[in-house]
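# Results of the structural survey
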Amino acid sequence: MGLLCIPTSSSVLQTLFLFCSAFFVSQALGARIPQPHKPLPFIWPLPAKFSFGNDSLSVDPALSLSGNGAASAIVRDAFHRYKGILFKHGDRFSFLRTPRPVYDVTRLSINVHSHSEELQLGVDESYNLFVSRAQALSGAGQVTIEANTVFGALRGLETFSQLCSFDYTTKTVQIYKAPWSILDKPRFPYRGLMLDTSRHYLPVDVIKQIIESMSYAKLNVLHWHIIDEQSFPLEVPTYPNLWKGSYTKWERYTVEDAYEIVNFSKMRGINVMAEVDVPGHAASWGIGYPDLWPSPSCKEPLDVSKKFTFDVLSGILTDMRKIFPFELFHLGGDEVNTDCWTNTSTVNKWLRNHNMTAKDAYQYFVLKAQNIALTKNWSPVNWEETFNTFPTKLHPRTVVHNWLGPGVCPKAVAKGFRCIFSNQGVWYLDHLDVPWDDVYTAEPLEGIRKASEQKLVLGGEVCMWGETADTSDVQQTIWPRAAAAAERLWSRRDSTSGNVNIIALPRLHYFRCLLNRRGIPAAPVKNFIARTAPVGPGSCFEQ
């Protein structure tokens, strides 16, 4: 027997939708009951509010764009990208069909209320998506996206694309469960993915593929950890010898590459936050400029005693400010072992002359780096060690980036700082033994009850550290677990709480397969060790 999902306007709707979703997927995954003729399309991340019906609408491969959104290059470009995704089967043999098909949906109307296309933290990403039922006389259906900004329109386009499914029997794209009414907005303004290109170089095209995949999950910040102690791959025109610290002359990013990545990201509603991690994690700087090392045998932290160190840092930030318009800039500040300072005679003498301990010098370096960033109109982001060590000295605009464990964001926001949640126990993607459900149930607001303090939590990000990930395996390490965090950061907390095997797992299976169909090598959802291949034959939807 089948299960009937009846639309309702009550608060029961979302629970019913998820229960129906689990039922339909269980059928698709091989339950011994008849499969429904028209499976329910899933949406990831789950929208804030929605209702649906029981109609089906066919979508014209020649779908046209209308509304004032069509005046935006960002919207037009996205519309054509999504058409390529939805109609990859094309309409190549329609000339063989007589009569030619008549489609219900021939036009997508996108209306945007603001002319501004500035992408910054907190930009309005809300949208409303309406799919009408087919009209009795004309047979036509209407699809409309309303948004305050072009970036909200992008999020609406992604949701629209997930409502559409290719029917292999009729060889048409269908919207099932119409009419749809979706009113959606993100829960947090900062929904990030950190990408490390120092431990392993990633080609520009691979970075762009990752950015593209981020847009499918409605992530909106690429935290680009460009440089670390192992390599310095970025071109810095003011100090051109810095990228001598790259692994090889072929594993580098030119200024033009960085511009391309930033512009490619903006077209998908994604900001790029660059990171220059100081004073530790910077040994690669001295390959081009050895004076930055305390000594040839003790190469980090960077030499705190020299003006040249801060001249180079200022030059890097000046050049990078021309590339990265995002208001946040990450200055690292983590894992600083000050032994090189105390064990190098010239630096140790400088410490004594300035009446500083090594801990004092760590604070001095971090605050001086912050001041350089602030003069370039950046708000500094620092890993949590800076807050844990000298919280009262940090600039008030500092964003504290949690990573060591839980409990840091509650302390940071209580002191008035903004915070980004990345607890390594749940949101470090290089920790391959962290299962999808631990990623999904992690909560950035854990332990924060005051509304005024909750607002200071910008959101969070999953971190793809690159020691064991390169072009060969980075995407299947990121996905699908990053999608679990993406829904936590986008969707309402009350709608994503409960039994995750019912409310999330079937849809995450479906989203993983959607990523695969779009060319993203997302790994199976439930494998004990993330990114491992399937253990045997089976459906994409249950590995």
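Presented here is an overview of the structure given in this document. (Residues numbered from 1 in each chain as written. Predicted model: local features only at pLDDT ≥ 70, side-chain atom pairs only at ≥ 80, totals over all residues. Heavy atoms only, no water.)

Judged by nonpolar contacts, the single largest core of 150 residues is most densely connected at I175, W285, I316, M320, F324, I478 and W479. A domain-level breakdown of this core finds at least three residues from each of domain 1 (49-184) and domain 2 (190-492). The residues contacting I478, other than those within four sequence positions of it, are L193, L195, I210, L429 and M464. Counting 10 residues, the second largest nonpolar core, distinct from the first, contains M273, V381, I420 and L458. (Core = buried A, V, L, I, M, F, W, Y, C linked by side-chain atoms within 4.5 Å. Buried < 20%, exposed > 50% of the residue type's maximum accessible area, 1.4 Å probe, protein only. Domains from an automatic or database assignment. Contact = heavy atoms within 4.5 Å.)

With that out of the way, let us pick up the packing of helix α2 (residues 73-86) against helix α3 (residues 150-163). Following both chains from N to C, one finds α2 and α3 inclined at 10°, their axes separated by 10 Å at the closest point. Taken together, the axes of α2 and α3 lie roughly parallel to each other. Touching I74, V75, A78, F79, Y82 and L86 of α2 are V150, F151, A153, L154, L157, E158, F160 and S161, all from α3. Of the residues assigned to the contact of α2 with α3, the class counts are 12 nonpolar, one polar and one charged. (Axes fitted to C-alpha atoms, helices over the stretch in contact; angles between N-to-C directions. Helix = DSSP H or I, 4+ residues; strand = E, 2+ residues; numbered from the N terminus. Parallel < 35°, antiparallel > 145°, perpendicular 65-115°, else oblique. Nonpolar A, V, L, I, M, F, W, Y, C, P; charged D, E, K, R; others polar.)

Strand order in this open sheet of eight strands is β1-β8-β4-β5-β3-β2-β7-β6, and the pairing throughout is mixed. Here the strands that pair on one side only, and so sit at the sheet edges, are β1 (49-51) and β6 (164-167). The mean angle between the axes of side-by-side strands here comes to 30°, regardless of whether they run parallel or antiparallel. Of the pairings in the sheet, the one linking β6 to strand β7 (residues 172-178) comprises four bridges and is antiparallel in character. Within the sheet, the bridge partner assigned to S165 lies in β7 and is Q174. This element, α3, spans β2 (55-66), β3 (105-112), β4 (127-131), β5 (143-147), β6, β7 and β8 (180-184) of the sheet and lies at about 35° to β4. (Pairing = 2+ DSSP bridges.)

Here we come to the environment of R493. Among the secondary structure elements, R493 is positioned in the loop between α17 (481-490) and α18 (500-503). Classification of R493 by relative accessible area gives partly exposed; the value is 37%. In contact with R493, other than residues within four places in its own chain, are R187, E443, L445, E446 and R488.

Following the criterion strictly, the structure yields three disulfides and no others. There is a disulfide in this structure between C409 and C419, and the S-S distance comes to 2.1 Å. On the S-S bond that ties C409 to C419, the torsion sits near -75°, and the link is left-handed. Taken together, the positions of C409 in helix α12 (residues 408-414) and C419 in strand β15 (residues 418-421) put the pair 10 residues apart, joining distant regions of the chain. (Disulfide = S-S within 2.5 Å.)

What follows concerns the side chain of K376. Tracing the chain through its elements places K376 in the loop between α10 (358-375) and β13 (379-383). Nearest to the buried, unbridged K376 among oppositely charged side chains is D319, at 8.7 Å. (Lys, Arg positive; Asp, Glu negative; His and termini not counted. Salt bridge = Lys/Arg side-chain N within 4 Å of Asp/Glu carboxyl O.)

On to the pattern of salt bridges, then. By the definition in use, this model includes 21 salt bridges. The shortest N-O distance in the salt bridge between R493 and E443 comes to 3.5 Å. With R493 in the loop between α17 and α18 and E443 in the loop between α14 (436-441) and α15 (451-454), the pair connects residues that are 50 residues apart, well separated along the chain. For E443, a relative accessible area of 7% corresponds to the buried category.

Turning our eyes to something else, we now look at the pairing of strand β11 (residues 271-275). Counting buried residues in β11 gives five out of five residues, a clear majority hidden from the surface. Burial of β11 is two-sided: the residues N271, M273 and E275 facing one way and the residues V272 and A274 facing the other way are all buried. As paired elements, strand β10 (residues 221-225) and β11 share five bridges and run parallel to each other. By the bridge assignment for β11, W224 is matched with A274. In this fold, β10 hands off to helix α5 (residues 255-266), which returns the chain to β11; that crossover is right-handed. (Right-handed = clockwise from strand over helix to strand, strands pointing away.)

Let's shift gears to unusual backbone geometry. With an omega of -5°, the peptide bond between W44 and P45 qualifies as cis. Residue A178 is joined to P179 through a cis peptide bond whose omega torsion reads 0°. As for its position among the elements, P179 is in the loop between β7 and β8. Although it is not a glycine, N377 sits at a positive phi angle of roughly 65°.

Here the focus is the pairing of β2. Of the strand pairs in this sheet, β2 and β7 are connected by four bridges, and their pairing is antiparallel. Looking at the pairing, L57 lines up with I175 of β7. Relative to β3, β2 runs parallel, the two sharing four bridges. Pairing of S66 across the sheet is with S109, part of β3.

Bringing the environment of P444 into the picture now. Here P444 shows up in the loop between α14 and α15. According to the relative accessible area criterion, P444 is buried, its value standing at 1%. A sequence separation of 22 residues divides P444 from S422, and the C-alpha atoms of the two residues are 8.3 Å apart. In contact with P444, other than residues within four places in its own chain, are F188, F421, W427, V457, G459, R488 and L489.

What follows covers helix α9 (residues 345-353). All of the buried residues along α9 are V347, W350 and L351. Buried positions in α9, seen along its axis, are confined to an arc of 100° and lie on one side of it. Exposed residues lying more than 90 degrees from the buried face of α9 are S345, T346, R352 and N353. Tucked inside the fold, the buried residues of α9 contact α8 (339-343) and α10. (Arc of directions from axis to C-beta.)

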